[in-house]
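Survey of secondary and tertiary structure
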Amino acid sequence: MTSEFYAQHVIPLQDKIFRFSRRLLSSEDAAKDATQEVLLKLWRLRKELAGIKNMEAYAMTMTKNMCYDVLKSKHSKTLELVHSNYAGQTSSLSSEIEARDEVNLVAKFINELPEQQRAVIQLRDVEQFTNKEIEEIMDMNSTSVRVALSRARKKIMSELKKTSAYGIG
């Protein structure tokens, strides 16, 4: 891989790598560090990467493994959602507040999911990866991806229904 190939195919993945790292790790600084480490590792391996068919899936798998290593070493189980593109600009103040509250609730429920479900829902629903790409990134079979995604979504919906029924968050 030449530096031109790296600039064309790896550097554009930087934002996705960061968002995925941010989802899995507990702080923005840790996510920035993980992103930098993944990009550096890809740069060091650039001559060996010529045979990689799907650079994006390879980079995301590397990111997942790096983040899991960080989580194991720190025994950290926290996660914060940074996703505020929920409400439209023409909505009223109260509906914006309600939308923000709902996003915060969903973030809380995602944080409480098991690690694998949390990663799968991040890749599928936030990063918009296909199930096939998630299989490659997470090293899972297609049934396991579908089951993890379904369980994560059901758990989030169940918690949202409980919250709306009781009016607490």
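The coordinates are above.
These lines cover the structure that appears in this document, whether it is placed above or below. Here the structure is a predicted model, which means the values were calculated and not measured. (Residues numbered from 1 in each chain as written. Predicted model: local features only at pLDDT ≥ 70, side-chain atom pairs only at ≥ 80, totals over all residues. Heavy atoms only, no water.)

1. Overview of the overall build of the protein chain
- Scanning the protein chain from N- to C-terminus turns up 8 helices and 0 strands.
- Ordered by position in the sequence, the α and β elements of the protein chain form the string α-α-α-α-α-α-α-α.
- Looking at the protein chain residue by residue over its 169 residues, the buried ones come to 38%.
- Accessible surface, the protein chain as shown: approximately 10300 Å² in total, 50% of it carbon and sulfur. (Helix = DSSP H or I, 4+ residues; strand = E, 2+ residues; numbered from the N terminus. Buried < 20%, exposed > 50% of the residue type's maximum accessible area, 1.4 Å probe, protein only. Areas by Shrake-Rupley, 256 points an atom, 1.4 Å probe, with all protein chains shown as cover.)

2. A closer look at the packing of aromatic side chains
- Counted under the stated rule, the structure contains 1 aromatic pair.
- Between Y6 and W43, the ring centres sit 5.0 Å apart and the planes meet at 80°, which makes this aromatic pair edge-to-face. Remark: W43 occurs in helix α3 (residues 28–44) and Y6 occurs in helix α1 (residues 3–9); sequence separation between them is 37 residues.
- By relative accessible area, which is 9% here, Y6 ends up buried.
- Accessibility expressed as a relative area gives 30% for W43, which makes it partly exposed.
- A cation sits over an aromatic face here: K16 above F129, 4.8 Å from the ring centre. (Phe/Tyr/Trp six-rings, centres within 6.5 Å; stacked < 30°, edge-to-face > 60°. Lys NZ or Arg CZ within 6 Å of the ring centre and 35° of its normal.)

3. Topic: the pattern of salt bridges
- Following the criterion strictly, the structure yields 7 salt bridges and no others.
- A salt bridge links E56 to K16; the shortest N-O distance between them is 2.6 Å. Residue E56 is located in helix α4 (residues 55–74), and its partner K16 is located in helix α2 (residues 14–24); the two are separated by 40 residues in the primary sequence.
- Owing to a relative accessible area of 22%, K16 belongs among the partly exposed residues under this scheme.
- Between D125 and R153 there is a salt bridge; the shortest N-O distance is 2.5 Å. With a gap of 28 residues between them, D125 in helix α6 (residues 115–126) and R153 in helix α8 (residues 142–166) connect regions that are remote in the sequence.
- One salt-bridge network, held together by shared partners, links K155, E159 and K162. (Salt bridge = Lys/Arg side-chain N within 4 Å of Asp/Glu carboxyl O.)

4. A word on the side chain of Q117
- The topology assignment puts Q117 in helix α6.
- In this view, Q117 contacts A148, R151 and A152; residues no more than four positions away in its chain are not counted. (Contact = heavy atoms within 4.5 Å.)

5. Some details on α3
- End to end, α3 covers 24 Å across 17 residues, agreeing with the expected 24 Å (1.5 Å per residue, within 8%).
- Residues A30, A31, A34, T35, V38, L39 and L42 constitute the buried set of α3. Each buried residue of α3 lies within a common arc of 165° when the element is viewed along its axis, so the set occupies one face. Seen from the buried face of α3, the exposed residues on the opposite side, beyond 90 degrees, are D29, D33, Q36 and R44. (Expected span 1.5 Å × (residues − 1). Arc of directions from axis to C-beta.)

6. Considerations on unusual backbone geometry
- A positive phi angle, close to 65°, is found at Q128, a residue other than glycine.
- Looking at the element boundaries, Q128 is found in the loop between α6 and α7 (131–138).
- One non-glycine residue, D139, lies in the positive phi region at around 55°.
- You can call D139 exposed: its relative accessible area is 69%.

Read these as layout, nothing more, since geometry by itself doesn't imply function.
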